[in-house]
Amino acid sequence: MSFGRMTVVAGAFLAMSGLAGLAETSGNTEAAPAGFEEQLTMMIGAERAVLSEVRTSRLRQLTSPPVVAREATAASGVAVTYTRDWLASQPTPAGSEALTCLSEALYFEARGESVEGQFAVAEVILNRVDSARFPNSVCGVINQGTGRKYQCQFTYTCDGHAEVVNEPRAYDQVQKVAATMLNGAERGLTGGATYYHTRAVNPRWARQFNRTAAIGVHLFYKPPQRLSQYN
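Rules used throughout
Residues numbered from 1 in each chain as written. Predicted model: local features only at pLDDT ≥ 70, side-chain atom pairs only at ≥ 80, totals over all residues. Heavy atoms only, no water. Salt bridge = Lys/Arg side-chain N within 4 Å of Asp/Glu carboxyl O. Helix = DSSP H or I, 4+ residues; strand = E, 2+ residues; numbered from the N terminus. Buried < 20%, exposed > 50% of the residue type's maximum accessible area, 1.4 Å probe, protein only. Expected span 1.5 Å × (residues − 1). Core = buried A, V, L, I, M, F, W, Y, C linked by side-chain atoms within 4.5 Å. Contact = heavy atoms within 4.5 Å. Pairing = 2+ DSSP bridges.

(A) Summary view of the pattern of salt bridges. Going through the model one piece at a time under the given rule, you end up with three salt bridges. Residue glutamate 167 pairs with arginine 111 through a salt bridge whose shortest N-O separation is 3.1 Å. In this pair, glutamate 167 is assigned in the loop between helix 6 (138–142) and helix 7 (168–182) and arginine 111 in the loop between helix 4 (97–110) and helix 5 (115–130), connecting sequence segments 56 residues apart. Note on arginine 111: relative accessible area 31%, which makes it partly exposed. Aspartate 172 is the salt-bridge partner of lysine 176, the closest N and O atoms lying 3.2 Å from each other. In this pair, lysine 176 and aspartate 172 both sit in helix 7, four residues apart, roughly one turn of the helix. Given a relative accessible area of 6%, lysine 176 falls into the buried group.

(B) Structural context of helix 5. With 16 residues, helix 5 extends 23 Å from end C-alpha to end C-alpha; this agrees with the ideal 22 Å at 1.5 Å per step. Of all 16 residues in helix 5, 14 are buried, a share of seventy percent or more.

(C) Examining the nonpolar core more closely. Core analysis: the biggest nonpolar cluster contains 46 residues, and Leu102, Leu106, Phe119, Ile125, Val138, Ile142 and Phe220 have the highest contact counts within it. Secondary-structure elements contributing two or more residues to this core are helix 3 (84–89), helix 4, helix 5, helix 6, helix 7, strand 3 (195–198), strand 4 (210–215) and strand 5 (218–222). Looking at this core element by element, the count peaks at nine residues for helix 5. Aside from chain neighbours lying at most four places away, what touches phenylalanine 220 is Ala120, Val121, Val124, Thr190, Ala193, Tyr195, Tyr196, Asn210, Arg211, Thr212, Ala213 and Ile215.

(D) Representation of the pairing of strand 4 within the structure. Sheet analysis places strand 4 next to strand 5, joined by five bridges and oriented antiparallel. Of the residues in strand 5, the one forming a bridge with asparagine 210 is lysine 222. The turn linking strand 4 back onto strand 5 is made up of two residues, and glycine 216 within it adopts a positive phi angle of 60°.

It is worth stressing that arrangement in space is one thing and function is another; only the former is reported here.
So this is what it looks like as structure tokens:
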């Protein structure tokens, strides 16, 4: 492989790795091959093209609606791609106590998250319902510890502040996320996590737990087997 092609490939690799700047050829003590200036011009042009493509791809990722591809329900077996548009097209679900509790939890805990992040938080709540270490109902899990200030499992239920739904469109979306999960959607995002926290905090318990996923602003965990009191 020629010197020029090797440098272009190296530069493209660095660009795809997200490293700023152009690939450097410093440290090469051999004489430059014939036509070096022409090869260098071609190399820089190729690297700029790669960088432009990477930036365009990254911008497209940032501006596209978040996507979660999973089974719509356990019973239907129909593959559905969950996006904001898909959720918006769904009818408003029939009300129930579990739906209200889960919708409020998603609204106050994750309404600013991506669709994927909202499904992930719902997974944790339902994983707790299935665990013998937590209450066996959605509302029971969400309200565990409520009544003792800052001693509850979900802070919005015990921070002493009245929680008001003032973003109806956001609530409509999380309500449909909640309904989809309660209808049996597959839980494939968090690896069976029963705990999570935002990236803004670093709780001591997280140092002893096994991290299973990182989605949006949340990190997800399962307790190790030796900490059976948390299972």
